[in-house]
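# Tertiary structure, described
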Amino acid sequence: MEAPDRKIRVVLVDPDPATLALELGKLRNHPLIEVSGTGRSGREAMQLANRVRPDVIVLDTALPLVNGIETATRVTEAFPSIGLLFLSEDDSPDTVRLALRIGVKDYLFKPQDFARLPSAIVDVDQKRQRNAPAK
């Protein structure tokens, strides 16, 4: 895999402040990743997608105001160049299949896959449609 010529801009969205803190700690010193924003709801995720235009958004499925699936659907429709990654406690096969069908590039489970977060972000950045125009 080829290293990007700049850091991957990431937005983290999780309703739990402790999880956000863990994610920030895991990514803080990563040489390829820059956290460009954090949010705690689906509405904030959409606002950050519009304002920051990150390369990757890490979402939980269980978001308040607008759930993660609906948020992912809206972000994918409006900003197809943003890569989406779920980090969730929901390990239902139906939820995983739905997420992948709507355009989420990877799905990690809390807490067992947490250590894979940085490498999954790099992978999602490689899989996203970099030149897709915003709608």
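As a reminder, the structure under discussion sits directly above these lines.
Residues numbered from 1 in each chain as written. Predicted model: local features only at pLDDT ≥ 70, side-chain atom pairs only at ≥ 80, totals over all residues. Heavy atoms only, no water.

Check the secondary structure of the chain and you find 5 helices and 5 strands. For the chain, the N- to C-terminal ordering of α and β elements is β-α-β-α-β-α-β-α-β-α. The globule rule puts the C-alpha radius of gyration for 135 residues at 14 Å, and the 13 Å found for the chain is close to it. Projected onto the principal axes, the alpha-carbon positions of the chain cover approximately 35 × 35 × 25 Å. Taking all 135 residues of the chain together, the buried fraction comes to 49%. (Helix = DSSP H or I, 4+ residues; strand = E, 2+ residues; numbered from the N terminus. Rg over C-alpha atoms; globule rule 2.2 N^0.38 Å. Buried < 20%, exposed > 50% of the residue type's maximum accessible area, 1.4 Å probe, protein only.)

Another point: the environment of Ala115. Within the secondary structure layout, Ala115 lies in the loop between β5 (106-109) and α5 (117-127). Classification of Ala115 by relative accessible area gives exposed; the value is 58%. Sequence separation between Ala115 and Thr73 is 42 residues; the distance between their C-alpha atoms is 26 Å.

Right, let's talk about the environment of Gln112 for a bit. Within the secondary structure, Gln112 sits in the loop between β5 and α5. By relative accessible area, Gln112 is classed as exposed at 55%. For the pair Gln112 and Glu89, spaced 23 residues apart in sequence, the C-alpha to C-alpha distance is 9.4 Å.

With that settled, consider the packing of helix α2 (residues 42-52) against helix α3 (residues 68-78). Across the interface, α2 lies against α3 with an axial gap of 9 Å and an inter-helix angle of 15 degrees. If you check the angle between α2 and α3, you find them roughly parallel. The handedness of the crossing between α2 and α3 comes out as right-handed. From α2, Gly42, Ala45, Met46 and Ala49 reach across to α3, where they touch Thr71, Arg74 and Val75. Residue classes in the contact of α2 with α3 are distributed as 4 nonpolar, 2 polar and 1 charged. (Axes fitted to C-alpha atoms, helices over the stretch in contact; angles between N-to-C directions. Parallel < 35°, antiparallel > 145°, perpendicular 65-115°, else oblique. Left-handed = near helix turned anticlockwise from the far one by under 90°. Contact = heavy atoms within 4.5 Å. Nonpolar A, V, L, I, M, F, W, Y, C, P; charged D, E, K, R; others polar.)

For the rest of this paragraph, the subject is the nonpolar core. Membership of the largest hydrophobic core comes to 22 residues, with the highest contact counts inside it found for Ile57, Leu59, Leu84 and Phe86. Here the element with the most residues in this core is α2; it accounts for 4 residues. In this structure, Ile57 is in contact with Val11, Val13, Ala45, Ala49, Val75, Ile82, Gly83, Leu84 and Leu85, ignoring residues within four places of it in sequence. (Core = buried A, V, L, I, M, F, W, Y, C linked by side-chain atoms within 4.5 Å.)

Here we come to helix α1 (residues 17-27). Every buried residue of α1 is listed here: Thr19, Leu20, Glu23 and Leu27. The buried residues of α1 occupy one face: seen down the axis, they fall within an arc of 100 degrees. (Arc of directions from axis to C-beta.)

Note that the residue after Lys110, namely Pro111, is joined by a cis bond; omega there is -15 degrees. Within the chain, Arg53 stands out as a residue other than glycine whose phi angle is a positive 50 degrees. Here Arg53 shows up in the loop between α2 and β3 (56-59). Phi at Leu65 takes a positive value of approximately 70 degrees, unusual for a residue other than glycine.

Attention shifts here to the side chain of Glu23. You can see Glu23 is positioned in helix α1. Every residue in contact with Glu23, bar those within four places of it in the chain, is listed here: Leu12, Asp14, Leu87, Phe114 and Leu117.

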